[in-house]
Amino acid sequence: MEGTTSLRQRPRPSHKVRSENNSENKEKHDKKENKFTKTISNNTNIELKSGTYWLTRIVFLRFQAFIYFVAYLVALHQNKELIGSKGLLPANLYLKRINDHVNGNIWQGLNFGPTLLWFTDLKEVDYWLDAIAYSGLMLSGFVIITGCCNMIIMAALWILYHSLVNVGQRWYVNIYASQLLECGFLAIFMCPLFTLKQVPRNTPTPVVTLFGFRWLIFRIMIGAGLIKIRGDQCWRDLTCMNYHYETQPVPNPISYYLHQCPTWMHQFETASNHFIELVVPWLLIIPWKPTLMIGGAIQVLFQIVLIISGNLSFLNWLTILPCICCFDDTFFAKFFANNPKGAKAYVKQIQTESNERHVHQGQYIRSVLHIALAALITYLSIPVVKNLLSQRQAMNTSFDPLRIVNTYGAFGSVTKERTEVIFLGTSSLNPTDPKAEWLEYEFKCKPGNVTRAPCLISPYHYRLDWLLWFAAFQSYQQNNWLVHLAGKLLANDEATMTLIDHNPFKHQDPPQFIKVEHYGYKYTQVGSKEAKNGAWWTRKYIGNYLPPVSLGSLKEYMSQQGWDIPRFMRKKFREHKKNEQKQKKSKKI
């Protein structure tokens, strides 16, 4: 039709026109921002409206990054010694066994153990373990310093830590590894896709992640409470805290004094624990600000008490993390400066202009993504809820290979007596000689020398000390890495010595034999004769744990396991063989 232009024929705005429009919009925004800044500068006290979570996200992401930083720092300091090519449980041998099991199918291998190490040269596993740790430290350090994060950085941190956990074997089989991965996965969706700003204007904190984290802290606490009620009798008769401070994995100096409290105090602690883990969590899933803040505050204070009373790695710090999502911007505003160009002022500006905001296409895409995330969490929560309702509740279990939604629980049973494994070495050629002098090794944090004060290391973590606590109420046959550790001590292995505090054979020839003894440990009483003499512990010999072993006696076992035999040990094996041949010849003569 004449005088009518079809949609196809309508001329599009030129690039120049679009640029002019963008410039005009930018100018309008800048004028509005400058006007707002002047208003703020005249009013130093910036008050925010409730119901938004911009500042909450900044605090959350920084705290998440802090925990990642500690986790990667632990990995950097200990991974090569624990899972390196010459470590106690080498990751390359572990992946080789998986590879043999799946007949070299890398995709099936990824299903068994999702890790980036499948795409590397496993002969260079030490290099890649360090590369992962350094990358994690740099990325998490950036978020801590700047308070800025996007989905790419948070996804990278999650994938990198997954790559360590899935080759960590015994060293990473614990509650806080799965909990960090679940928190890390949800945190990805809390961030904008590319933008690196503390307050990304067009990406408010997603509601689905806030509910996701509240659902997480609910499951953590309810799971811990139910496993206790269904588990050890001492939780039901309120006596578990009589033992906990003394028998927990790695006690600290404050644990010693808390253990001395009267029985009624321990009963009160146990009852309070049940209230906090079984009653308070219900406040966390009620979408009402007062209940959320009360529930979140109680959980944070509870975790702080646990941090003070023991060395549970970064577990309690990590449990504080989802509680942050119970507090909105009005709570966190008091911790931010009233800077006219700061984050709080920018949030105030966004709240003021909330009625003028336009919906962008990217926000529709994010909405679809959030709906998909909610559906995924709901679906993966089904086996978790079934487990919580089951009388045969499993503790600290993952029902999917990526550990996106897990079940939690801690201290379902409490050990009533503390036992420790003590490593000793001797230079004597005859381990049964009554005159043989046995010298004791001292580890970084686990009890050993009764006069050494308990350590205070949380949120840092010594993985070897932690696992030695479990080994003490098992046997060395259940912990083959412990035999490997004995072999490393026999060689005075430099890398392994970084995991222990005192090597009695430092700067001298390695021991001829290593043995492990089993001891029972008890706290001394405050004011007792032992305590006045500087003893924190008393100990009693239980029996032998690992009989005396030498390099010669371990050679065949280490070869069967595929463990690296250091050059020093190979030399010793040859000398040992020559000595045996000489003894045989002398007997014939």
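In this report, we go over the structure that sits alongside the text.

What counts and what doesn't
Residues numbered from 1 in each chain as written. Predicted model: local features only at pLDDT ≥ 70, side-chain atom pairs only at ≥ 80, totals over all residues. Heavy atoms only, no water. Helix = DSSP H or I, 4+ residues; strand = E, 2+ residues; numbered from the N terminus. Buried < 20%, exposed > 50% of the residue type's maximum accessible area, 1.4 Å probe, protein only. Contact = heavy atoms within 4.5 Å. Lys, Arg positive; Asp, Glu negative; His and termini not counted. Salt bridge = Lys/Arg side-chain N within 4 Å of Asp/Glu carboxyl O. Arc of directions from axis to C-beta. Disulfide = S-S within 2.5 Å. Phe/Tyr/Trp six-rings, centres within 6.5 Å; stacked < 30°, edge-to-face > 60°. Axes fitted to C-alpha atoms, helices over the stretch in contact; angles between N-to-C directions. Left-handed = near helix turned anticlockwise from the far one by under 90°.

**Examining the overall build of the protein**
Scanning the protein for helices and strands turns up 23 helices and 8 strands. Scored against the burial criterion, the 589 residues of the protein give a buried share of 51%. Considering only residue pairs separated by 6 or more positions, the protein has 75% of its internal contacts joining residues 24 or more positions apart.

**Focus: the side chain of Arg 366**
With respect to the helices, strands and loops of the structure, Arg 366 is situated in helix H17 (residues 361-389). It turns out Arg 366 is buried and unbridged, and the closest side chain with the opposite charge, Asp 329, is 15 Å from it. Setting aside its immediate chain neighbours within four residues, Arg 366 contacts Met 151, Phe 189, Cys 191, Pro 192, Leu 193, Thr 203 and Pro 206.

**A few points about the environment of Phe 213**
Here Phe 213 is to be found in helix H8 (residues 207-230). Taking the C-alpha atoms as reference, Phe 213 lies 7.5 Å from Cys 323; in sequence the two are 110 residues apart.

**Section: the environment of Lys 522**
By the secondary structure assignment, Lys 522 is in strand S7 (residues 513-523). Taking the relative accessible area as the measure of exposure, Lys 522 reaches 45% and is therefore partly exposed. Sequence separation between Lys 522 and Trp 537 is 15 residues; the distance between their C-alpha atoms is 5.5 Å. Excluding residues that lie within four positions of it along the chain, Lys 522 makes contacts with Glu 246, Trp 536, Trp 537 and Thr 538.

**Details of the pattern of salt bridges**
Two side chains with opposite charge may pair up if their charged atoms get near one another. Evaluated as defined, the whole model comprises 13 salt bridges. Its salt-bridge partner being Arg 219, residue Glu 182 comes within 2.3 Å of it at the nearest N-O pair. One end of the pair, Glu 182, is in helix H7 (residues 175-188); the other, Arg 219, is in helix H8, and 37 residues separate them in sequence. Judged on exposure class, the residue Glu 182 and its partner Arg 219 are both buried.

**What to know about helix H22 (residues 551-561)**
Of the positions making up H22, those classed as buried are Leu 551, Leu 554 and Met 558. The buried residues of H22 occupy one face: seen down the axis, they fall within an arc of 65°. Structural note: H22 exposes Glu 556 and Gln 560 on the side pointing more than 90 degrees away from its buried face. Where H22 terminates, the next one or two residues include Gly 562, which has phi positive at roughly 80°.

**Concerning the state of the cysteines**
Per the counting criterion, the structure on display carries 2 disulfides. Across the disulfide from Cys 234 sits Cys 240; the S-S distance is 1.7 Å. Sign of the S-S torsion, about 65° for the bond between Cys 234 and Cys 240, identifies this disulfide as right-handed. Comparing Cys 234 with Cys 240 shows no difference in burial state: the two are buried. Between the sulfur atoms of Cys 445 and its disulfide partner Cys 455 the distance amounts to 1.3 Å. Looking down the S-S bond of the Cys 445 and Cys 455 bridge, the torsion is 55°, so its handedness is right-handed. Of this pair, Cys 445 sits in the loop between strand S5 (442-443) and helix H18 (463-471) while Cys 455 sits in the loop between S5 and H18, and the two are 10 residues apart along the sequence. Taken as a pair, Cys 445 and Cys 455 share a single burial class, namely buried.

**Section: the packing of aromatic side chains**
Inspection of the entire model under this criterion finds 35 aromatic pairs. Ring plane angle 15° and centroid distance 5.6 Å describe the contact between Trp 215 and Phe 218, whose orientation is recorded as stacked. With a gap of 3 residues between them, Trp 215 and Phe 218 both fall in helix H8, about one helical turn apart. A residue is classified by how much of its surface remains accessible, and Trp 215, at 22% relative accessible area, is partly exposed. Judged by centre distance (6.3 Å) and plane angle (80°), the ring pair of Phe 327 and Phe 332 falls under edge-to-face.

**Section: the packing of helix H2 (residues 54-83) against helix H6 (residues 151-165)**
In helix packing, the relevant descriptors are the interaxial angle and the interaxial distance, both defined with respect to the helix axes. Following both chains from N to C, one finds H2 and H6 inclined at 35°, their axes separated by 11 Å at the closest point. Handedness of the H2/H6 crossing: left-handed. Within the contact between the two elements, H2 uses Leu 61, Gln 64, Tyr 68, Ala 71, Tyr 72, Ala 75 and Asn 79 and H6 uses Met 154, Leu 157, Trp 158, Leu 160, Tyr 161 and Leu 164.

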